[in-house]
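Residue strings, one per chain:
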Amino acid sequence: MFVATLSYTAPIEQVDALLLEHRAWLDDQYAKGVLLASGAKVPRTGGVVLAGGLDRAALDQVLAEDPFAKGGVARYDVVEFTATKTAECLADYREQPAS
């Protein structure tokens, strides 16, 4: 599982110009089962996404297609972690105990 933080690297007006495209990209990633949660940082200096069901190389490819990344208005930092406990709705993303 991954936590990816997005930090804006351009003025908010440039970010907002790509916001509709970014939201369409998010919708597509949810439909593909890549994203589990997403939202803006508070204060609005970027965002956070929770992703699962793919490896790091595949996630990097997905994030590179974000209009914010392609437009050069933001960058991603990614942390991979092993989920040993989750809410029941995320049970499919838990590490399975060794048999």
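Note: the structure precedes this text.
A short tour of the structure in this document, coming up. Keep in mind that this is a model prediction, so the values were computed, not measured.

Tracing the backbone shows Gln29 in helix H2 (residues 19–31). Judged by its relative accessible area of 5%, Gln29 is buried. Beyond its immediate sequence surroundings of up to four residues, Gln29 is in contact with Val34, Leu35 and Val62.

On to the nonpolar core, then. In this structure, Leu63, Phe68, Val73 and Tyr76 are the most contacted members of the largest nonpolar core, which totals 22 residues. Of all elements in the fold, only strand S1 (2–8), H2, strand S3 (46–51), helix H3 (56–64) and strand S4 (74–80) reach the threshold of two or more residues within this core. Excluding anything up to four places from it in sequence, Tyr76 contacts Ala4, Thr5, Leu6, His22, Trp25, Val49, Leu63 and Asp66.

It is worth spelling out the sheet that holds S4 at this point. Read from one edge to the other, the open sheet built from 4 strands follows the order S2-S3-S1-S4, with strand pairing classed as antiparallel. This sheet does not close on itself; its edge strands, each paired only once, are strand S2 (35–40) and S4. Along the sheet, successive strands turn relative to each other by an average axial angle of 15°, direction set aside. With 6 bridges joining them, S1 and S3 adopt antiparallel strand pairing. Looking across to S3, one finds that Leu6 is bridged to Gly47. Across the sheet, H2 lies against S2 and S4, angled at about 160° from S2, the strand it touches most.

With that settled, the discussion passes to the packing of aromatic side chains. To describe a pair of aromatic rings, one takes the distance between the centres and the angle between the planes. This model, assessed by the stated rule, comprises 1 aromatic pair. Between Tyr8 and Phe68, the ring centres sit 6.0 Å apart and the planes meet at 85°, which makes this aromatic pair edge-to-face. Of the two residues, Tyr8 is situated in strand S1 and Phe68 in helix H4 (residues 67–70); the sequence distance between them amounts to 60 residues. Of the two residues, Tyr8 and Phe68, both sit in the buried class.

Enumeration over the complete set of coordinates arrives at 5 salt bridges. Close ionic contact of Asp60 with Arg56 constitutes a salt bridge, the shortest N to O distance being 2.9 Å. Placement of both Asp60 and Arg56 in helix H3 is noted, with a separation of 4 residues, approximately one turn of the helix. We classify Asp60 as partly exposed; its relative accessible area is 34%. Here Arg56 falls in the partly exposed class, since its relative accessible area comes to 35%.

Calculation notes
Every chain is numbered on its own, with residues counted from 1 as its sequence reads. Given that the model is predicted, a residue must reach a pLDDT of at least 70 before its local features are reported, and side-chain atom pairs must reach 80 or more before they are shown or counted; all residues, however, enter totals for whole chains, interfaces and linings. Side-chain descriptors were evaluated using all non-hydrogen atoms of the structure, hydrogens and water having been removed beforehand. In this text, helices come from DSSP runs of H or I with a minimum length of four residues, and strands from runs of E with a minimum of two, each type numbered from the N-terminal end. In this scheme, a residue with accessible area under 20% of its type's maximum is buried, one over 50% is exposed, and one in between is partly exposed, where area comes from a 1.4 Å probe on protein chains only. Contacts are residue-level and defined by heavy atoms, with any inter-residue pair within 4.5 Å sufficient. Grouping buried Ala, Val, Leu, Ile, Met, Phe, Trp, Tyr and Cys residues that are joined through side-chain atoms within 4.5 Å yields what is termed a nonpolar core. In this scheme, strands are said to pair when DSSP sees at least two bridges between them. Each axis is a line fitted through C-alpha atoms, taken for helices only over the stretch in contact, and angles between the N-to-C directions span 0 to 180 degrees. In this scheme Phe, Tyr and Trp rings, the latter by its six-membered ring, pair at centre separations within 6.5 Å, and the angle between planes marks the pair as stacked below 30 degrees, edge-to-face above 60, and tilted otherwise. Note on definitions: salt bridges are taken to be side-chain nitrogens of Lys or Arg within 4 Å of carboxyl oxygens of Asp or Glu.

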